Amino acid sequence: MEQLIKTFSDYAWGLPLVILLIGGGLYLLVLSRFLPFRYFGHAIQVLRGKYDDPNDPGEISHFKALTTALSSTIGMGNIAGVAVAISMGGPGAMFWMWVSAIVGMSTKFFTSSLAIMYRGKDSAGELQGGPMYFIQEGLGKSWKPLAVMFSLFGMIGALPVVNVNQLTQAINDIILIPNGVEVGLKSNLILAAILVGLTSVIILGGLKRISNAASKMVPSMVLLYFVLVLYILISNYNVVPKYFILMFTDAFSADFYKGDAFMGGVLGALILLGIRRGAFSNEAGIGTAPMAHGAAKTDEPIREGLVAMLGPAIDTLIVCTLTALAILVTGVWETTSNNGVSLTASAFNHVMPVYGKYLLMVCVLIFSISSLFSYAYYGSKCLGFLIGADKKHYYNYMYILSIVLAATTPFSVMLNLIDGVFALMAIPTMLATITLAPKVIVEAKKYFKTL
């Protein structure tokens, strides 16, 4: 099974998908004349609520839409995903994650603008946004198979299996094993049961409860993580410039690459690794974030697109870079065989021997749990599109079952499964976005003229 899922994931992440994600993102960037970067300041003003109107259609504010989207992206992609990238590809993998984020900013701008431009009504008559709706509303009924494809894979892609798996690994490595607790199937099942209880309370309360929880948890957890990593960097300030430069120079030499080299040799494989980990981290082009942004209280699509594009900047350019530097400056990436969250824990432990890993545990706990909430919303939205809004709550049972599965399965299986499914979600999202992009440009010109 493990080998089968790995083959599926590697096949899905072939050259065609990289061209679609990165090539498509570059096309959108050029088409918009680098709009995401020109209006960065305006995007921050929108986020701060300067243009909010409580009478606009939608369910949640710009800030809550961004924090709900960020609560699913700022999570294990930043702590475990970066660690996987560095342990497999060395410092250079980070450079390709940056490339995916910069291109991803334009992709997020377009996908989330479309999520508002082409909101559809579900079977209960509620306004909904997301790739499946903008495919159907923007491109017409003949494109519905693409919307169905997105929703089917979206239900699997929204399962919290990587988060739960890494949270279980973190609790085992940081709390249970050092205190002499025997770790195995039984202890993992107990952890899964606790997570199921906690998740059920929030997700059965719907989007309002999810976005309220996320908007309170995300800013504080990012701040705590930020402070801890800065402490590690200040403690090793003399080597920070060296490793920062190494991220650039090593991006083209691939001296440290330890994965399977295919697709144009080692450098090609390193680029692919960075882009794959970048997509896993910031989800640009995958289509999950437009589902959160599609619920924002606004009738200005461009405004929501501008808020959404801040996601990859916060997620990959800031949070992932900090994690990468913490792992590199402490040297744990060369001295331990750890991977995923355990590698990041080693870095924290290296600088703060007694309490560092426990503080990371707090971050991991909040990162994971906030992701658990928002992913459930995405998956139920996909099921609601397929079989009707009145039946979308059935997804929660599948979701809760997957928590038990993830807590008892190897990390590589869960990571490869989600990687592969994300690739299949990106195909309908990117094809529709590239096709509808000129309509976003027309809307953007109107918006900036009236601003």
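Structure first, text after, so check above.
In this report, the structure presented in the accompanying data block is examined.

## Some details on the overall build of the protein
A tally of helices and strands in the protein yields 21 helices and 2 strands. Looking at the protein as a whole, 61% of its 451 residues are labelled buried. Put simply, of all contacts in the protein between residues at least 6 apart along the chain, 84% involve residues at least 24 apart. For the protein, the computed accessible surface area is about 16900 Å², with 67% contributed by carbon and sulfur atoms.

## Digging into the packing of aromatic side chains
Under the definition given, this model contains 17 aromatic pairs. Residues phenylalanine 95 and tryptophan 96 carry aromatic rings whose centres are separated by 4.9 Å and whose planes lie at 90° to one another, so their mutual orientation is edge-to-face. Both residues of the pair, phenylalanine 95 and tryptophan 96, count as buried. Ring plane angle 50° and centroid distance 5.9 Å describe the contact between tryptophan 98 and phenylalanine 244, whose orientation is recorded as tilted. Here tryptophan 98 is found in helix H7 (residues 92-117), whereas its partner phenylalanine 244 is found in helix H13 (residues 240-249), with 146 residues between them in sequence. Note on tryptophan 98: relative accessible area 10%, which makes it buried. Three or more aromatic residues joined by ring pairs form one cluster here, namely Phe95, Trp96, Trp98, Phe244, Phe248 and Phe252.

## Here we look at the packing of helix H10 (residues 161-176) against helix H19 (residues 356-387)
Contact geometry for H10 and H19: axes closest at 10 Å, N-to-C directions at 160°. Here H10 lies roughly antiparallel to H19, going by the angle between them. Like other packed secondary-structure pairs, H10 and H19 cross with a definite hand, here left-handed. In contact with Asn163, Val164, Leu167, Ala170, Ile171, Ile174 and Ile175 of H10, H19 contributes Lys357, Tyr358, Met361, Val364, Leu365, Ser368, Ser371, Leu372 and Tyr375. Across the contact of H10 with H19, the residue classes tally to 12 nonpolar, 3 polar and 1 charged.

## Some points on the packing of H7 against helix H16 (residues 301-330)
If you want to describe how two helices pack, look at the angle between their axes and the distance between the axes. Between H7 and H16, whose axes approach to 7 Å, the crossing angle comes to 160°. As judged from the angle between their axes, H7 and H16 are roughly antiparallel. Viewed along their axes, H7 and H16 form a crossing whose handedness is right-handed. Taken together, the residues that form the contact of H7 with H16 break down as 19 nonpolar, 6 polar and 2 charged.

## Points about the environment of lysine 297
The topology assignment puts lysine 297 in the loop between helix H15 (289-293) and H16. Residue classification places lysine 297 among the partly exposed positions, given a relative accessible area of 29%. Placed 181 residues apart in sequence, lysine 297 and isoleucine 116 show a C-alpha to C-alpha distance of 9.5 Å.

## Here we look at unusual backbone geometry
The bulk of non-glycine residues show a negative phi, and the bulk of peptide bonds are trans. Despite not being glycine, arginine 33 shows a phi value in the positive range, around 50°. Tracing the chain through its elements places arginine 33 in the loop between helix H2 (15-31) and helix H3 (35-38). Positive phi values are uncommon outside glycine, yet phenylalanine 34 reaches one of about 60°. One can find phenylalanine 34 in the loop between H2 and H3. Here phenylalanine 34 falls in the partly exposed class, since its relative accessible area comes to 44%.

## Quick word on helix H4 (residues 40-47)
The complete set of buried residues in H4 reads His42, Ala43, Val46 and Leu47. Projected down its long axis, H4 shows its buried positions confined to an angular sector of 145°, all on one face. One or two positions beyond H4, positive phi appears at glycine 49, with a value near 95°.

## Comments concerning empty space enclosed by the protein
Summed over all chains, the structure comprises 4 cavities of 30 Å³ or more. In this model, the second largest cavity occupies a volume close to 70 Å³. What lines the second largest cavity is simply Leu21, Ile22, Ser100, Val103, Gly104, Thr107, Ile275, Gly278, Ala279, Asn282, Ala284 and Gly285. Elements with a minimum of two residues in the lining of the second largest cavity: H2, H7 and helix H14 (265-282). Taken together, the residues of the lining of the second largest cavity break down into 6 nonpolar, 6 polar and no charged.

## A word on H16
Taking 1.5 Å per residue as the helical rise, H16 with its 30 residues ought to reach 44 Å, and the 44 Å between its terminal C-alpha atoms agrees with that figure. Considering bend angle alone, the principal kink of H16 is centred on cysteine 320 and spans about 30°. For H16, the buried fraction is high: 27 of the 30 residues fall into the buried class. Directly beyond the C-terminal end of H16, a positive phi value near 80° is found at glycine 331.

Cut-offs and rules
Residues numbered from 1 in each chain as written. Predicted model: local features only at pLDDT ≥ 70, side-chain atom pairs only at ≥ 80, totals over all residues. Heavy atoms only, no water. Helix = DSSP H or I, 4+ residues; strand = E, 2+ residues; numbered from the N terminus. Buried < 20%, exposed > 50% of the residue type's maximum accessible area, 1.4 Å probe, protein only. Contact = heavy atoms within 4.5 Å. Areas by Shrake-Rupley, 256 points an atom, 1.4 Å probe, with all protein chains shown as cover. Phe/Tyr/Trp six-rings, centres within 6.5 Å; stacked < 30°, edge-to-face > 60°. Axes fitted to C-alpha atoms, helices over the stretch in contact; angles between N-to-C directions. Parallel < 35°, antiparallel > 145°, perpendicular 65-115°, else oblique. Left-handed = near helix turned anticlockwise from the far one by under 90°. Nonpolar A, V, L, I, M, F, W, Y, C, P; charged D, E, K, R; others polar. Arc of directions from axis to C-beta. 1 Å grid on protein atoms, 1.4 Å probe; cavity = no way out; pocket = protein on both sides within 12 Å on 5 of 7 lines; lining within 4 Å. Points joined across faces, edges and corners; volume = space filled by probe spheres on them. Expected span 1.5 Å × (residues − 1). Bend = angle between axes of the 7 residues up to and from the residue.

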